[in-house]
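Single-letter residue listing:
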Amino acid sequence: MSLARTRLGRTLGSRILHLHSPFTLTTPNSRSLFNNKISLVSGLRMASSLPKLPVFEAIVRHDPNSTAVIHSRSGRRFQYGELLGDVAKVRNQLYEKAGRNDLDGERVAFLVENSYDYVVTLLAILAAKSIAVPLSPAFPASELQYIINHSEALMLLASNRFTPKAQEVLQTDLDSEPILLQLNKFQGGSAHENITLEKTGPGAAGMMLYTSGTTNRPKGVLIPQAAMNAQARSLIQAWEYTPEDHLLHVLPLHHIHGTINAIFTPLFSGSTIEFMFPFNADAVWKRFAAPFLTPDQTYDPVKTGQERITFFTAVPTIYSRLLSTHKGLDPEMQSATRTAISPTNLRLSISGSAALPTPIKRAWAELSMGNVLLERFGMTEVGMALSCGLDVNDRVDGSVGWPLPGVEARLVDVDTHQVIEKGQEKDADGRERVGEIQLRGPTIFAEYWRNPDATTKEFVESKDGKGMWFKTGDVAVRRPVEGAGKSEAPTQKDWTKGDMYFILGRKSADIIKSGGEKVSALEVEREMLSLPQVAEVAVLAVPSGKWGQKVGAVVILDKEHCTKWTPLEMRRALKDRLASYKIPQVLRVVDHIPRNAMGKINKKMLVKEVFQDDFSGDEMGL
Ligand code: MCA
Ligand code: AMP
């Protein structure tokens, strides 16, 4: 632990307790759910012990006085030393509420804000050997109802703030009613407890995230905790997370990006996670600047009360917003923020979840005086799969780098269906061969929940008997890049080697990526077709500088119900049915949608015909 952090912990946290004290220490604001190490609640034996999961073993090893979580707006801090005690308490609450202490493999859904409470809840569910199903509070009740039904959740946990939302979901037509547990708000400052790690296995502990696919309803992606650990280990090697890292966390918590990359992996490494959600560009700039707002703009965490942000991971839309709002800051802020995001302070800024446009990458590098965004490629089903390297020469424009440690990748020619072996990247005419990215290794998910057909469809057998390959649906080329892949750094040299991957797009036109959120065109079409106004509809990806892609809808109205339909009326009609980012941003009402002899719509052509005027590459305002 650095001197700065120790001092800062004392100055700001002022709740430093004895390391693993044998006594139950209390602080003025500590709350105690279970006062004794072993409590008997409703006849169940509740112990202050946890299964020996790798993430708990890692947390036990961290300096207990170092900061695990900060709530950015309130400044409240939570230390690594208090984390596992709180996890055990919440795990015990689950047992108590369920009336049994075997929840192995049960699905436990939860609605908790981006906070220490979220971290404790996630870990408590793993500690119960259950499957954590994080829900987005921004989703309408009907989408949450689907997830609860589909995952067959035994329990629904909700923070005070989201209990009304949970109750709204429980009032929908559910197949079976999950047990509602309202979680108390943690104030922080819990006593550091001596938690023992039992020699029991992980059971079926894991996480399940819902993701849109080319079928019309989202699928539950089951990620066993072994895969979560493998993903974390891979990233720790590749991106060198350390206890000195201080992440600013601005992402939603029902995706891999926000959970594995920005919570689970930092917890493994003993880094500090500072939550600041929802994303707001001005607030983020203020936070970046804070530790540098000194007379000579030198870094002074003690005087300013804020540590510098060393690690930031976001989607391209967020970088685009930061770039376009920077010009509006006053001169002092402009200068402090530029210092804050320069490479000496912001160790690593990462972009992913959608293609990073080169103008954004260049503008960020210029603004930050040399911080080159590191782009990586991931997917809910596989975690992070490909990444550029830490060496600046290995952050090549337009490339997503190499397979991460532990990940095996290959390209399968989209025309010939042959594996594109090393050295065969060009065809006989010298043209680059385009292939689907296929992946395997310990980081890959286990299955689509209760959907063996979909699982079988997305995996292919291997010829070498070393395991099945997962078909990502993303297409790419592989090419050599001069000057890249030469790092000899111990964490880099094994994997930042050889030809680099460049993503070209997706095989299916029915998957749209808007602001880093994945949207299934078929799911939106399905909801729109259930509206009385809509006779026919095609949902398409409309290119956009600001969002990557916008969701666009081409509609034929049902003349019996209406002859005119505005975008506002469409939004209103869909708002209780779909999460707001899935609702089309652009709408065209037409009399005819062209189809081929098979009745299929050529979406790539239709988007050019109908939405050409909506294509926008200049909204970044750079
Ligand atoms: C919000 N809106 C959107 C989106 N987000 N529209 C299209 N696409 C979006 N992504 C709409 C809202 O519906 C609303 O419309 C209006 O914009 C403002 O809403 P607000 O909530 O204020 O939006 P925002 O806070 O500005 O959100 C933009 C955002 C957010 C910060 C870019 O979308 C975001 O956090 N995206 C990242 C998602 C993410 O983490 N993806 C990773 C998944 P109205 O006013 O009409 O209601 S991918 C993943 O995990 C894989 C593994 C990977 O590789 O990372
Ligand atoms: P999700 O299912 O929400 O996890 O989204 C995964 C998809 O996001 C991938 O299949 C890609 O299409 C896309 N994606 C993620 N990272 C990148 C990237 N760096 N470049 C292009 N597409 C990306």
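Coordinates for the structure precede this section.
The rules behind each value
Along each chain, the written sequence defines residue order, and numbers are assigned to residues from 1. All chains are assigned letters beginning with A, and all ligands numbers beginning with 1, in the order in which they are written. Local features in this predicted model are restricted to residues whose pLDDT is 70 or higher, and side-chain atom pairs enter the listing and the counts only when it is 80 or higher, whereas totals over whole chains, interfaces and linings include all residues. Side-chain metrics rest on all non-hydrogen atoms present in the structure, leaving aside hydrogens and water. Only DSSP runs of H or I reaching four residues or more are called helices, and only runs of E reaching two or more are called strands; each is numbered from the N terminus. Radius of gyration here is computed from C-alpha atoms only, and the compact-globule reference equals 2.2 Å multiplied by the residue count raised to the power 0.38. Burial classes follow relative accessibility: with a 1.4 Å probe on protein chains only, a residue under 20% of its type's maximum area counts as buried, one over 50% as exposed, and anything between as partly exposed. The contact criterion used throughout is that any non-hydrogen atoms of two residues lie within 4.5 Å. Residue burial considers only the protein chains on display, and all accessible areas are found by Shrake-Rupley using a 1.4 Å probe. Positive residues here are Lys and Arg, negative ones are Asp and Glu, while His and the chain termini are left out of the count. Charge positions come from single atoms, namely NZ of Lys, CZ of Arg, CG of Asp or CD of Glu. In this text, near means that some heavy atom of the residue lies within 4 Å of the molecule or strand in question. A 3.5 Å cut-off defines polar contacts: any pair of N or O atoms within that distance qualifies, except that in protein one atom must be a possible hydrogen donor and the other a possible acceptor, and neighbouring residues in sequence count only when both atoms are side-chain atoms. Under the convention adopted here, Pro, Cys and the residues Ala, Val, Leu, Ile, Met, Phe, Trp and Tyr are nonpolar, Asp, Glu, Lys and Arg are charged, and Gly plus all remaining residues are polar. Here, a salt bridge means any side-chain nitrogen of Lys or Arg that lies within 4 Å of a carboxyl oxygen of Asp or Glu. Strand pairing follows a simple DSSP-based rule, namely that at least 2 bridges must link the two strands. For helices, the fitted line uses only the C-alpha atoms of the stretch in contact; every axis is such a line through C-alpha atoms, and the angle between N-to-C directions lies from 0 to 180 degrees. Side-chain rings of Phe, Tyr and Trp, where Trp is taken by its six-membered ring, are said to pair if the distance between their centres is within 6.5 Å; with planes under 30 degrees apart they count as stacked, over 60 as edge-to-face, and otherwise as tilted.

Peer 1: Help me understand the overall build of the chain, please; the structure alone is not making it clear to me.
Peer 2: Summing up its helical and strand segments, the chain has 17 helices and 30 strands in all. At 25 Å, the chain has a C-alpha radius of gyration in line with the 25 Å of a compact globule built from 622 residues. With the principal axes as the frame, the chain shows a C-alpha extent of 75 × 55 × 55 Å. Taking all 622 residues of the chain together, 58% fall into the buried category. The contacts of the chain with a sequence gap of at least 6 include a subset with a gap of at least 24, amounting to 72%. Summed over its atoms, the accessible surface of the chain is roughly 25400 Å², and 51% of this surface lies on carbon and sulfur atoms. Charge centroids of the chain, computed over 73 positive and 69 negative side chains, lie 3 Å from each other.

Peer 1: What should I look at first to understand the site of ligand 1 in this one?
Peer 2: Residues in contact with ligand 1 amount to 26 residues; listed here are only the nearest, Arg-321, Ser-353, Arg-376, Ser-514 and Ser-580. Contact between ligand 1 and Arg-376: an oxygen atom at 2.7 Å from a side-chain N or O atom of the residue. For ligand 1, an oxygen atom lies 3.4 Å from a polar atom in the backbone of Gly-378. Elements that contribute at least two residues to the shell around ligand 1 include exactly helix H8 (256-269), helix H11 (316-326), strand S17 (374-379) and strand S26 (511-514). When grouped by side-chain class, the residues that make up the shell around ligand 1 number ten nonpolar, eleven polar and five charged.

Peer 1: How should the pattern of salt bridges be read in this particular structure?
Peer 2: Two side chains that carry opposite charge are able to pair once their charged atoms sit near each other. What the rule picks out here adds up to 30 salt bridges. Residues Glu-193 and Lys-89 are paired through a salt bridge, measuring 2.9 Å at the closest nitrogen-oxygen approach. Taken together, the positions of Glu-193 in the loop between strand S9 (179-183) and strand S10 (196-198) and Lys-89 in helix H3 (residues 80-98) put the pair 104 residues apart, joining distant regions of the chain. In this structure, Glu-193 and Lys-89 share a single accessibility class: buried.

Peer 1: Honestly, the site of ligand 2 in this entry has me stumped. Any pointers?
Peer 2: Not every one of the 15 residues close to ligand 2 is listed here, only the nearest: Glu-375, Arg-376, Thr-380, Asp-474 and Arg-506. Within the backbone of Ala-355, an N or O atom sits 3.4 Å from a nitrogen atom of ligand 2. When isolated, ligand 2 has an accessible area of 500 Å², and the protein chains bury 92% of it. Of the residues forming the shell around ligand 2, the biggest block, five residues, is contributed by S17. Its residues placed into classes, the shell around ligand 2 shows five nonpolar, four polar and six charged.

Peer 1: Explanation requested: the pairing of S26 in the structure shown.
Peer 2: Where a strand is regular, its side chains alternate between the two sheet faces. With four bridges connecting them, S26 and strand S27 (residues 517-520) associate as antiparallel partners. From the neighbouring strand, Lys-513 faces S27, where its bridge partner is Lys-518. Between the antiparallel neighbours S26 and S27 lie two residues, among them Gly-515 with a positive phi of about 55°.

Peer 1: Quick question: what am I supposed to make of the sheet that holds strand S7 (residues 131-134) here?
Peer 2: Strand pairing in a sheet is mediated by backbone hydrogen bonds. Such pairs are either parallel or antiparallel. The seven strands are arranged S9-S8-S6-S7-S11-S12-S22 in an open sheet whose pairing can be described as mixed. The sheet terminates laterally at S9 and strand S22 (447-448), the two strands that pair on one side only. When strand S6 (residues 107-111) meets S7, the two strands line up parallel, connected through four bridges. Bridge assignment links Val-108 to a residue of S7, and that residue is Ala-132. Here helix H6 (residues 163-170) sits on the sheet and contacts S6, strand S8 (155-159) and S9; the angle it forms with S8, its principal contact strand, is near 150°.

Peer 1: Would you mind showing me how to read the packing of aromatic side chains here?
Peer 2: Note on aromatic pairs: each is described by the distance of the centres and the angle between the planes. Per the stated rule, a full pass over the model turns up 17 aromatic pairs. Residues Phe-264 and Phe-268 carry aromatic rings whose centres are separated by 5.4 Å and whose planes lie at 70° to one another, so their mutual orientation is edge-to-face. You can see Phe-264 and its partner Phe-268 sitting in helix H8, four residues apart, about one turn around the helix. For the pair Phe-264 and Phe-268, one class covers both residues: buried. Taken together, Trp-285, Phe-288, Phe-312, Tyr-319 and Trp-364 form an aromatic cluster joined through their ring pairs.

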